[in-house]
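Now for the letters of each chain:
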Amino acid sequence: MAQIILVTSFKGGVGKTTISANLSYCLAQKTNKVIVCDCDLESRCLDMMFKIKNRRFSTSAT
Ligand SMILES: Nc1ncnc2c1ncn2[C@@H]1O[C@H](COP(=O)(O)OP(=O)(O)OP(=O)(O)O)[C@@H](O)[C@H]1O
Ligand SMILES: [Mg+2]
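Residues numbered from 1 in each chain as written. Chains lettered and ligands numbered in written order. Predicted model: local features only at pLDDT ≥ 70, side-chain atom pairs only at ≥ 80, totals over all residues.

We now examine the overall build of the protein. For the protein, the helix and strand inventory stands at two helices and zero strands. Here the protein holds 62 residues, and the buried ones make up 2% of them. (Helix = DSSP H or I, 4+ residues; strand = E, 2+ residues; numbered from the N terminus. Buried ≥ 20, exposed ≤ 12 C-beta atoms within 10 Å, placed from the backbone.)

Structure, rendered in structure tokens:
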């Protein structure tokens, strides 16, 4: 069964992105079924950490 881990904090700069990157990397060593999603639309850093070049994304609000 799928499990969801949410890394969040009301405070900035406390290590959310670092924890998310390391946690997803470690979990991926155990299983190849890991999806990590950076929901920080102001400054997405996970794609930079994983050296993902295509940084296009779209959002919509209704
Ligand atoms: N366990 C740790 N020990 C020391 N420094 C750390 C640790 N975890 C993260 N840092 C450092 O703290 C800084 C902020 O980390 P990070 O970007 O992961 O925080 P964040 O909560 O995602 O920040 P933001 O709210 O701006 O997105 C970075 O420079 C990172 O290298
Ligand atoms: Mg962050």
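Don't stop here, the text continues.
With that settled, consider the site of ligand 1. Neighbouring ligand 1 are the residues Gly12, Gly13, Val14, Gly15, Lys16, Thr17, Thr18, Asp40, Ser43 and Cys45. Class assignment for the residues of the shell around ligand 1 results in two nonpolar, six polar and two charged. (Near = placed C-beta within 6 Å. Nonpolar A, V, L, I, M, F, W, Y, C, P; charged D, E, K, R; others polar.)

On to unusual backbone geometry. In the Ramachandran plot, Lys51 falls in the positive-phi region, its phi being about 55° despite a non-glycine side chain. Its location among the elements puts Lys51 in the segment after helix 2 (46–49). Taking the C-beta count within 10 Å as the criterion, Lys51 has 6 such neighbours and is therefore assigned exposed.

Following the sequence through the fold, Cys39 ends up in the loop between helix 1 (16–30) and helix 2. Its 10 C-beta neighbours within 10 Å are what place Cys39 among the exposed residues. Separated by 31 residues in sequence, Cys39 and Thr8 have C-alpha atoms that sit 10.0 Å apart.

Any functional reading would require information beyond the geometric quantities listed.
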